[in-house]
Amino acid sequence: MRLAKTHHTMSSLSIRNLHVRIGEKEILKGLTLEIPKGEVHAIMGPNGSGKSTLSKVIAGHPDYTVTAGEVFLDGEDILGLEPDVRARKGIFLAFQYPIEIPGVTNANFLRAAVQARLPEGEELEATEFYARMYEKMDLLEMPRAFTGRAVNEGFSGGEKKRNEILQMAMLEPKYAVLDETDSGLDIDALKVVAHGVNSLRGPDLGILIITHYQRLLDYIVPDYVHVMMDGRIVQSGPKELALELEARGYDFIKEGLERAEAVAG
Amino acid sequence: MNDTSTIDIDRSVGDFSYPEQHEFDAGYGLSRKTVEYISQVKGEPDWIRDFRLRALDVFERKPMPTSWASRDLNAIEFEKIRYYLAHGQKAKRSWEEVPEDVKRTFERLGIPEQERKFLAGVEAQFDSEAVYSNIKKAVGDQGVIFVGSTEGLIKHPEIFRKWFGKVIPTGDNKFSALNSAVFSGGSFIYVPPGVKVKHPLQAYFRINAENFGQFERTLIIADEGSEVMYMEGCTAPKFETATLHSAVVELVAMKGAKIQYVTVQNWSANVFNLVTKRAVAHEEAEVKWIDCNIGSRLTMKYPGVVLKGRKARGEVISIALAGDGQHQDTGAKMIHAADETTSNIVSKSISVGEGRASYRGLVHVPKHLKGCRNNTECDALLINSKSRTDTYPAITVRGSGNAVQHEASVSQISAEQIFYMQQRGLTEGQAMSLSVNGFVNDLVRQFPMEYSVELKRLIDMEMEGSVG
């Protein structure tokens, strides 16, 4: 079995031996994973394996308790930081279920978020901001009228996911976690979203894609695939691993694990 | 989700006091002598002095309305209030005397230098007189009268007397009686038939020029087919040390006339703000109250419209923000008194910390009327777990040809909303602020531009302190 590298470098999002509970229930049980900047990693796993928990813990959701382990962003431990501080340091989470914010327009929301990243006393240049936003919207095939609509309110599934990617494009994170970005998308919307993500790929961005299905990985081709089961990464490999999973299901990995345990025991 | 905590960036500054030197001072407490003194100093005719004295009797006879909105009213000590103060000719304060935190508040609000001095009561006379004169000249050319209440009743008795105290009789409530006895300041506006006043008439320039009144009295008459918009207060904090503000505002919209009355109230947190506001709308007239309450310890204010003529229309758009220790008891009254009259009430309130916001509404449509419609919508937003909101809608609609619609909602900003916004880089305070601004956004858009911008800043300042 191949495990991800366990040491952390200065240019990666590095998760070491992470144990996480929600309430009394342990969900992550010693997860280790490293995403170097410039790479795209995918995590696949059956329902309930802890994939979404991982994404929320990286972002700092207050409902989860980390009982052991570390998360380093380019060498800096971020576990003690507030969600907004982590965000400004370069963590982005594309939500599986993006939240509606009534009355707040997309343009105003994005402006506030971009403004929050400027040094104190520096004012966002409005024309520049709009030019950049329109450029990204064109990439994601979003109509101009979108800017005046309230954030995610009354959006279709596809619009919500596109909006997440638009925010990602505008906020220029160092590491982005895409949580089930393909769920609820038809094939056309999926292609648009994937195109948006692919255009953001580059040496300055590390991406972690969390998905249940192989389908998304046909369009956003990962450098590595990890299999997550019962709160741990149990197998890692090149992108072909995803195809194998698709063809044979998660059971073959489970069986492999059981055999390995039997041998060890 | 959030602990309650207080911050009152703009409120605490209300506590400072300047060394005051008033040329005219009626002293503490209220008696016939006080009333006579006020009337004499203002050089009023006998009829108004008699009106005041009769009002004093009514005030003394009426019990405190403590049984409904709040027992907190018992805290008012009438004998410790000074009912009339006037500075005489010159402002005696200097900008240097204004405390640093007040200056910072002005700065954060983005209020221009000149206006800051004005609002702090420093500049006052010279510059404000000039601004005021400019407004007066522009509208004066159209025959519009825009003066203080005293000047109005002395120079224009033929119009003033006809309407004064008719929309809100002295005995309407204890505080309208109090105002009728000791009123000073406020505006008198008359717009001749067919005149559409292009620019909003603003109160604070004028009021300051005549010394600001705790008991101002405003009377606006829009004659047939005319239009006027009046804005009072200002979103900047008012540094008033007194504890009671009790105004009476009467509006008369003649046939086909339109009046819009905009208020942004931001009294300091020790002020009881007990205001009576009512309009009469004649045939096809439209009256719209846009009312925003941010400050004060307790506000009781229910702007009303008596829809007296066929097809008259009344509207109240209100926003209330109740911070820790504050109670905003606000609402609207719509009295339908003619066929095919319509009214619309939209009220949004935000309760922060242990703040309490109440909506109190009265919609009355008698049985014999036809084709009347009312729409009432009240939405409340609670920020902290100890925040409180109440809704007391009293709607009596009789008769078969009338329609009424009432919607109410209470919502909270969810932890998931805050997390989502924080994940995008906003602090918890900024996230709160943005949500609250979003909540009132559709109403704020109806405010004049400069008010909506300042309103947003005020909400930001208030919300920054709401997270602990």
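Throughout this description, residue numbers start from 1 for each chain and increase along the sequence as written. Going through the entries in the order they are written, you letter the chains from A and number the ligands from 1. Per-residue local features of the predicted model are confined to residues with pLDDT of at least 70, and side-chain atom pairs are confined, for both listing and counting, to 80 or more; whole-chain, interface and lining totals are unaffected and use all residues. The side-chain figures draw on all heavy atoms in the structure; neither hydrogens nor water molecules are used.

1. Quick word on the side chain of B:Arg424
So, step 1. Along the polypeptide, B:Arg424 turns up in the loop between α11 (415-423) and α12 (428-444).
So, step 2. Here A:Gln167 takes part through its side chain, which lies 2.4 Å from a polar atom of the side chain of B:Arg424.
So, step 3. Should any heavy atoms of two residues lie within 4.5 Å, those residues are considered in contact. Each residue touching B:Arg424, except ones within four places of it in the same chain, is listed here: A:Ala87, A:Phe92, A:Leu93, A:Ala94, A:Phe95, A:Phe109, A:Ala113, A:Arg117, A:Glu164, A:Gln167 and A:Leu171. Secondary structure follows DSSP: runs of H or I at least 4 residues long count as helices, runs of E at least 2 residues long count as strands, and numbering of each begins at the N terminus. Here a polar contact is taken to be a pair of N or O atoms separated by no more than 3.5 Å, where protein atoms must pair a possible hydrogen donor with a possible acceptor and residues adjacent in sequence count only if both atoms sit in side chains.

2. Things to note about the packing of aromatic side chains
Residue and element names in this part refer to chain B.
So, step 1. Aromatic pairs are defined between Phe, Tyr and Trp rings, using the six-membered ring for Trp, whenever the two ring centres lie within 6.5 Å; interplanar angles under 30 degrees are classed as stacked, those over 60 as edge-to-face, and all others as tilted. Using the criterion set out here, one finds 15 aromatic pairs over all chains in the structure.
So, step 2. Here the aromatic residues Trp47, Phe51, Phe160, Phe164, Phe183 and Phe188 are joined through ring pairs into a cluster of three or more.
So, step 3. A ring has a charge above it when a Lys NZ or an Arg CZ is no more than 6 Å from the ring centre and no more than 35 degrees off the ring normal. Over the aromatic face of Phe183 sits the side chain of Arg217, whose NZ or CZ is 5.8 Å from the ring centroid.
So, step 4. For Lys348, the ring lying beneath its charged end belongs to Phe439, and the centroid distance is 5.0 Å.

3. Digging into the sheet that holds strand β6 (residues 91-94) of chain A
Residue and element names in this part refer to chain A.
So, step 1. One open sheet accounts for six strands, arranged β6-β9-β10-β3-β11-β12; its pairing is mixed. Two strands in the sheet have a free side with no partner beyond their single neighbour: β6 and β12 (232-237). Averaged over all neighbouring strand pairs, the angle between strand axes comes to 20 degrees, with direction disregarded.
So, step 2. Direction of pairing for strand β9 (residues 175-179) relative to strand β10 (residues 206-211): parallel, over a ladder of five bridges. By the bridge assignment, Val177 is partnered in β10 with Leu208. Between any two strands, at least two bridges found by DSSP are needed for them to pair. A fitted line through C-alpha atoms serves as each axis, taken over the contacting stretch for helices, and the angle formed by two N-to-C directions is quoted from 0 to 180°.

4. Concerning unusual backbone geometry
Residues and elements named next belong to chain A.
So, step 1. With phi around 45 degrees, Asp74 is a residue other than glycine that occupies positive phi space.
So, step 2. By the secondary structure assignment, Asp74 is in the loop between β4 (65-73) and β5 (76-77).
So, step 3. Relative accessible area decides the class of each residue, using a 1.4 Å probe on protein chains only: under 20% of the type maximum gives buried, over 50% gives exposed, and in between gives partly exposed. Judged by its relative accessible area of 15%, Asp74 is buried.
So, step 4. Even without being a glycine, Glu172 presents a positive backbone phi close to 45 degrees.
So, step 5. Structurally, Glu172 can be placed in the loop between α5 (157-171) and β9.
So, step 6. On the basis of relative accessibility, which here comes to 57%, the residue Glu172 falls in the exposed class.

5. A look at the side chain of A:Lys161
Residues and elements named next belong to chain A.
So, step 1. Within the secondary structure, Lys161 is located in helix α5.
So, step 2. Among buried charged residues, Lys161 stands out as having no salt bridge; its nearest opposite-charge side chain is Asp182, 6.3 Å away.
So, step 3. Reaching out from Lys161, the side chain makes a polar contact with the backbone oxygen of Gln96 at a distance of 3.3 Å.
So, step 4. Lys161 has contacts with Phe95, Gln96, Pro98, Glu180, Thr181, Ser183, Leu185 and Val193, leaving out every residue within four places of it along the chain. For the purpose of charge, His is not counted, nor are the chain termini; Lys and Arg are scored as positive and Asp and Glu as negative. Throughout this description, the term salt bridge denotes a Lys or Arg side-chain nitrogen within 4 Å of a carboxyl oxygen of Asp or Glu.

6. Considering helix α9 (residues 174-182) of chain B
All names here are of chain B.
So, step 1. The element α9 is extensively covered by neighbouring structure, given that nine of its nine residues are classed as buried.
So, step 2. Regarding α9, the residues found buried are Lys174, Phe175, Ser176, Ala177, Leu178, Asn179, Ser180, Ala181 and Val182.
So, step 3. Regarding α9, its N-cap is Asn173, as a side-chain oxygen of that residue lies 2.9 Å from the backbone nitrogen of Phe175 further along.

7. What to know about the pairing of strand β19 (residues 373-382) of chain B
Residues and elements named next belong to chain B.
So, step 1. Judged by how many residues are buried, β19 sits mostly within the fold: seven of 10 residues are covered.
So, step 2. Across 10 bridges, strand β17 (residues 342-351) lies against β19 in parallel orientation. Residue pairing in the sheet places Ser351 in a bridge with Leu382 of β19.
So, step 3. As judged from the 10 bridges shared by β19 and strand β21 (residues 403-412), these two strands associate in the parallel manner. Bridge assignment links Asn375 to a residue of β21, and that residue is Gln405.

8. Quick notes on a negative patch on the surface
So, step 1. Patches here are clusters of residues that have more than 30% relative accessible area and form no salt bridge, with a 9 Å joining cutoff for like charges and a 5 Å cutoff for nonpolar side chains (Val, Leu, Ile, Met, Phe, Trp, Tyr). Residue-level accessible areas treat just the shown protein chains as cover; the underlying method is Shrake-Rupley with a 1.4 Å probe. Every charge is mapped onto a representative atom, which is NZ of Lys, CZ of Arg, CG of Asp or CD of Glu. Together, A:Asp251, A:Glu255, A:Glu258 and A:Glu261 make up a region of like negative charge exposed at the surface.
So, step 2. In this structure A:Asp251 comes out as partly exposed when scored by relative accessible area, which is 46%.

9. Thoughts on the sheet that holds strand β2 (residues 25-36) of chain A
Residues and elements named next belong to chain A.
So, step 1. Ordered by their spatial adjacency, four strands build an open sheet running β2-β1-β4-β5, and the pairing between neighbours is antiparallel. Of all the strands in the sheet, just β2 and β5 have a single pairing partner and so form its edges.
So, step 2. Strand direction decides the pairing type here: β4 and β5, joined by two bridges, are antiparallel. Looking across to β5, one finds that Leu73 is bridged to Glu76.
So, step 3. Sitting on the sheet, helix α1 (residues 51-59) touches β1 (12-22), β2 and β4, and the angle it makes with β1 is about 110 degrees.

10. Here we look at the interface of chain A and chain B
So, step 1. In this complex, chain A contributes 33 residues to the contact, which on the side of chain B involves 17 residues.
So, step 2. Take the accessible area each of two parts loses on contact, using a 1.4 Å probe, and add the two losses: that sum is the buried area. Here chain A packs against chain B, burying approximately 1900 Å² in sum over the two surfaces, 63% of which is carbon and sulfur.
So, step 3. When residues of chain A are sorted by the area they lose upon contact with chain B, A:Phe95, A:Ile99 and A:Phe109 head the list and together hold 24% of the total.
So, step 4. Our count for the chain A to chain B interface comes out at one salt bridge.
So, step 5. A salt bridge links B:Arg424 to A:Glu164; the nearest nitrogen and oxygen atoms lie 2.5 Å apart.
So, step 6. In this assembly, chain A and chain B are joined by 14 residue pairs in polar contact (both at pLDDT 80 or more).

11. Re helix α2 (residues 32-41) of chain B
Residue and element names in this part refer to chain B.
So, step 1. Here α2 has its buried residues at Thr34, Val35, Ile38 and Ser39. The buried residues of α2 all sit within an arc of 130 degrees when viewed along its axis, so they share a single face. Opposite the buried face of α2, at more than 90 degrees from it, the exposed residues are Lys33 and Gln40.
So, step 2. Where α2 is buried, its residues contact α3 (46-61) and α9.
So, step 3. Directly beyond the C-terminal end of α2, a positive phi value near 65 degrees is found at Gly43. The arc refers to the directions leading from the helix axis to the C-beta atoms.

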